[in-house]
Amino acid sequence: MQVVSCYLGKLQLTENKRLKPVERMFHTGMEALDELAGGFPRRSVHELLGEDGYKPGFAAGILAKAALHAAGGWLVWLDGDRRLYPPGLAGLGIDLSRLILLRPDKPGEQVWAVAECLRCKGVAAVVAALDRLSRIEARRLQLAAEAGGSTGILLRPAGRISREYAAARRWLVRPLPGQRTMQRWNLQLIHGHGGRVGQSVILEANRETGHVRAYAPVADRQAEQGPAMRIGA
């Protein structure tokens, strides 16, 4: 990285090898998902939308792990309904020693807690389920993410989304029929500059082998290109 300095009235460029540029994007390591998204911007808020009360916690865990790997620091997960199963996050490869669980007593405290955590420079990602979010509150969260350099991952109901709020990436997540040892979800990108809006990938998790992968809906699963990600890797 070059540093601009001024000496005796003249601008000078010097090389500072100790300073490293901050990556603006993080990636999941699953080619189909990363290419569809066009990368996942840091210092931003991302939305995962669920229908009929479904909360896409598995997809949130995938993004949280990627953000944590890229930035280091802490993962904060708001668990107001006390339904989070930490061993499930450990199965995804998330270090539980870097996990902070927050359980606000009042719904009105959730947005405040998310904003404060996003603003903390030691936090890599914040995951929270927020049903209602005003335009002012949404702007507050985005500014907090920019200030702290962290990533917000919001689980929200698809039926209550304000069109005035444009997250960096917005996904509609639908669970698909699976098998006894296989779970699948359809992830459709519905907003995201630089991504392939309107297109989908299938996220698949095998409980027996511990593999997670993403592929195009029309692709043959047996001939899927690229390696799968192992849960816990």
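Above this text is the structure in question.
The shown structure was predicted, so the numbers you read here are calculated from the model rather than taken from an experiment.

(A) Up close: the pattern of salt bridges. Scanning the model with the defined rule gives 9 salt bridges in all. Between R103 and D79 there is a salt bridge, with the nearest N and O atoms lying 3.1 Å from each other. Highlighted residues: R103 in the loop between strand 7 (99–102) and helix 4 (109–119) and D79 in the loop between strand 6 (74–78) and helix 3 (86–91), separated in sequence by 24 residues. For R103, a relative accessible area of 39% puts it in the partly exposed group. The partner of R213 in a salt bridge is E204, and the shortest N-O contact between them spans 3.1 Å. The class for E204 is buried, based on a relative accessible area of 5%.

(B) Structural context of the environment of R184. Mapped onto the fold, R184 is located in strand 11 (residues 182–191). Accessibility expressed as a relative area gives 10% for R184, which makes it buried. A distance of 2.7 Å separates the side chain of R184 from the side chain of E204, its partner in a polar contact.

(C) Geometry of the pairing of strand 8 (residues 123–129). When you tally the buried positions in strand 8, you get 6 out of 7 residues, the bulk of the element. Summarising the sheet, strand 6 and strand 8 pair through 4 bridges and their orientation is parallel. Paired with L75 across the two strands is A125, which belongs to strand 8. Both strand 8 and strand 9 (residues 151–157) contribute to a ladder of 5 bridges, which runs parallel. Residue pairing across strands places A125 opposite T151, the latter belonging to strand 9. Each parallel crossover has a hand, and the one from strand 8 via helix 5 (residues 135–148) to strand 9 is right-handed.

Rules of the game
- Residues numbered from 1 in each chain as written.
- Predicted model: local features only at pLDDT ≥ 70, side-chain atom pairs only at ≥ 80, totals over all residues.
- Heavy atoms only, no water.
- Salt bridge = Lys/Arg side-chain N within 4 Å of Asp/Glu carboxyl O.
- Helix = DSSP H or I, 4+ residues; strand = E, 2+ residues; numbered from the N terminus.
- Buried < 20%, exposed > 50% of the residue type's maximum accessible area, 1.4 Å probe, protein only.
- Polar contact = N/O pair within 3.5 Å; in protein donor to acceptor, adjacent residues only side chain to side chain.
- Pairing = 2+ DSSP bridges.
- Right-handed = clockwise from strand over helix to strand, strands pointing away.

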